[in-house]
Amino acid sequence: MTAALALALTLWGAADPPVVAVEAPTPLLRGALALALVDDGAVAVPSRDDAGVLLRVLADGEGLQLATIGASERAGTVAPGTPALMELEAVHRGLALVRATPARATTPPAALFLDVDDRALAEPGPDARLAELLASALLDAGAPLADARVAAERLCVVATAAELVLSWGSTAAHCDGRQMGVARAGMSPDAVIGDALRLRDAAAPARPWRVAGAAEPAVAPVTSSSVAPLAPPAHEQPAAPVAELPSVAAPAAMAAPPTSAAVSPPPAPPPGAPVAPVRDDPSAAPAGVVAGAARGAPPGGVAPSLDLRVGAFGRPMAVDPVIEAAMVWPLWMPLGVGPAAWLAASGALDPLPLAEVALAGGLGGAWRILDDVHASASVVAGGFAHGWSYAAGDAGIAFDAIVAAPLALSWRPGPLGVSLGVSPGAMTRARSHQIQGEVAWQRGALFLGITAGLTWDIPAGRDAVEKSPAMPRGDSDG
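Quick caveat, the model's predicted, so the values are computed rather than measured. Along each chain, residue indices are assigned from 1 in the same order as the chain's sequence is written. Local features in a predicted model are, by the rule used here, given only for residues with pLDDT of at least 70; side-chain atom pairs are given and counted only at 80 or more, and totals for whole chains, interfaces and linings are based on all residues. To get the side-chain values, all heavy atoms of the structure are used, and hydrogens and water are removed first.

Peer 1: Would you explain the packing of aromatic side chains in this entry?
Peer 2: The geometry of an aromatic ring pair is captured by two quantities: the separation of the ring centres and the angle between the planes. Side-chain rings of Phe, Tyr and Trp, where Trp is taken by its six-membered ring, are said to pair if the distance between their centres is within 6.5 Å; with planes under 30 degrees apart they count as stacked, over 60 as edge-to-face, and otherwise as tilted. Across all of its chains, the model carries 2 aromatic pairs by this definition. With 6.2 Å between their ring centres and 5° between their planes, Trp342 and Phe447 make a pair best called stacked. In this pair, Trp342 is assigned in strand S12 (residues 337-348) and Phe447 in strand S20 (residues 446-457), connecting sequence segments 105 residues apart. Like Trp342, the residue Phe447 is buried in the burial classification. Three or more aromatic residues joined by ring pairs make a cluster, and in this case those are Phe313, Trp342 and Phe447. Helix and strand definitions here come from DSSP, where helices need a minimum of 4 consecutive H or I residues and strands a minimum of 2 consecutive E residues; each element is numbered from the N-terminal end. Think of it in three bands: residues with accessible area under 20% of the maximum for their type are buried, residues over 50% are exposed, and the middle band is partly exposed, with areas taken using a 1.4 Å probe on protein chains only.

Peer 1: Would you explain unusual backbone geometry in this entry?
Peer 2: It is generally the case that most residues other than glycine have a negative phi and that most peptide bonds are trans. A cis amide bond, omega 10°, links Asp350 with the succeeding residue Pro351. Tracing the backbone through its elements, the reader meets Pro351 in the loop between S12 and strand S13 (354-368). One non-glycine residue with positive phi stands out, namely Met317, at about 100°. Judged by its relative accessible area of 63%, Met317 falls in the exposed class. Phi at Gln436 takes a positive value of approximately 55°, unusual for a residue other than glycine.

Peer 1: Can you help me understand the state of the cysteines in this one?
Peer 2: Cysteine pairs can be covalently joined through their sulfur atoms, and such a bond is termed a disulfide. Defined by distance alone, a disulfide is two cysteine sulfur atoms within 2.5 Å. Within the structure shown, the criterion is met by 1 disulfide. Between the sulfur of Cys156 and that of Cys175 lies a disulfide, 1.9 Å long from S to S. The chirality of the disulfide connecting Cys156 with Cys175 is right-handed, given an S-S dihedral of about 90°. Remark: Cys175 occurs in the loop between strand S8 (163-169) and strand S9 (179-183) and Cys156 occurs in strand S7 (residues 153-159); sequence separation between them is 19 residues. Residue classification places Cys156 among the buried residues on the basis of a relative accessible area of 1%.

Peer 1: Looking at this model, I keep getting lost on the pattern of salt bridges. Mind explaining?
Peer 2: Two side chains bearing opposite charge may form a pair once their charged atoms approach each other closely. Salt bridge, as used here, is a side-chain nitrogen of Lys or Arg placed within 4 Å of a carboxyl oxygen of Asp or Glu. One pass over the full model with this rule turns up 19 salt bridges. When the shortest N-O distance is used, the salt bridge between Arg154 and Asp115 registers 2.9 Å. Of this pair, Arg154 sits in strand S7 while Asp115 sits in strand S6 (residues 112-118), and the two are 39 residues apart along the sequence. For the pair shown, Arg154 and Asp115 are each scored as buried. As a salt-bridge pair, Asp117 and Arg119 come within 2.8 Å of each other at their nearest N and O atoms. Using a relative accessible area of 24% as the deciding quantity, one classes Asp117 as partly exposed. Via salt bridges that share partners, Arg315, Asp320, Glu356 and Arg443 belong to a single interconnected network.

Here it is, written out as structure tokens:
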């Protein structure tokens with residue numbers, strides 16, 4: 001018996017996670033059941049049509065009736081009592097019923113992991129249990145929920161007493177997308193999820209601190225009049241099946257009670273009408289898209305960054321130390337190219353004090369080749385200053401023209417990273433100094449710099465968190 005039970009548990013853990021739809025009399029109870037199922041390893045889906053097991057909770061006088069429907073059926077009851085104890089009992093009985101019910105054959109859909117970090121003091125009120133309310137609103141919006149181990153992406157909500165900060169992760173590991181702030185006072189969970197889904201579909205940059213150039217048009221900011229109560233829940237009306245999570249978007253009918261006569265919400269569709277998803281098309285972004293969120297860098301594009309490195313500056317005859325700074329600003333995002341600048345400084349103290357500075361500008365490009373790995377290349381031209389001071393009557397400065405082709409490879413897991421650089425180039429002439437008729441210092445016209453150091457993403461504006469200008473409505477992991 002023990003061996004059979006161990007084998008059954010092994011097969012349960014190796015199989016696909018159970019896919020469960022939840023129906024409950026209140027959003028709070030539905031969200032609590034969905035989060036408990038997710039913690040138990042299941043995938044919570046909005047519609048019974050996509051589920052292997054349906055968990056239904058009905059009010060029975062002052063108590064609750066629970067039923068699970070899969071390949072067979074199970075049922076249970078919760079006796080009347082205090083609301084908190086009834087909810088706790090409903091969660092325990094619901095999990096037990098789901099585990100005991102054979103599931104219909106189904107394939108787990110791509111789902112998201114909801115990460116809520118409520119840093120406000122727990123106070124009684126309609127939004128005191130933020131995670132449960134947002135989980136229910138996500139299911140109403142057609143988004144399946146799953147644990148971080150099996151989810152395809154992540155929604156992070158960091159809440160304070162004043163606002164909620166929303167951000168997305170392209171994987172379930174952490175949130176790395178653009179952020180948006182939403183006022184918490186008087187908030188609507190459906191409106192918050194509507195904003196979050198629109199933010200995710202607005203082609204946000206890969207990192208909140210990387211903002212694309214201003215060449216692309218901005219989009220009107222989200223206001224409370226652009227988000228409305230959701231249409232009937234997805235589990236009560238036919239909805240398009242979720243093939244992959246990026247196609248799950250806020251319903252087009254999502255709009256909140258208007259607070260300004262300047263913006264009128266779109267009419268709600270008739271009951272039972274299919275919901276059209278919002279596609280990832282920045283050119284056709286709805287008016288509710290966050291201002292600037294659609295300006296994200298296209299695949300392969302990156303925001304400007306400044307590299308500061310040290311290394312060796314090799315020329316025929318000798319090698320000198322060098323400090324190098326380089327920047328490429330890819331203003332023309334479709335190709336990732338734009339203006340470039342390059343600065344190099346070298347010098348010596350023996351056999352005579354020397355200082356050399358090269359400053360050049362030109363055209364370069366920066367491209368993302370892996371998730372956090374970027375490459376840049378540029379061609380620059382400028383001036384090279386060579387100064388020396390040997391004695392009171394033997395000092396001066398000379399100038400030459402210079403061309404260079406700096407190349408760099410950088411790793412940027414955050415706003416700071418590391419980079420390696422190679423800088424081949426040439427000056428118009430070689431340089432040498434003689435002391436008492438003998439050559440004491442001599443360098444050729446060709447050079448090759450090899451450097452390593454830090455790279456820093458340059459903030460292009462104070463866009464890290466978009467503030468909704470609407471009236472109050474109300475490092476998660478990021």
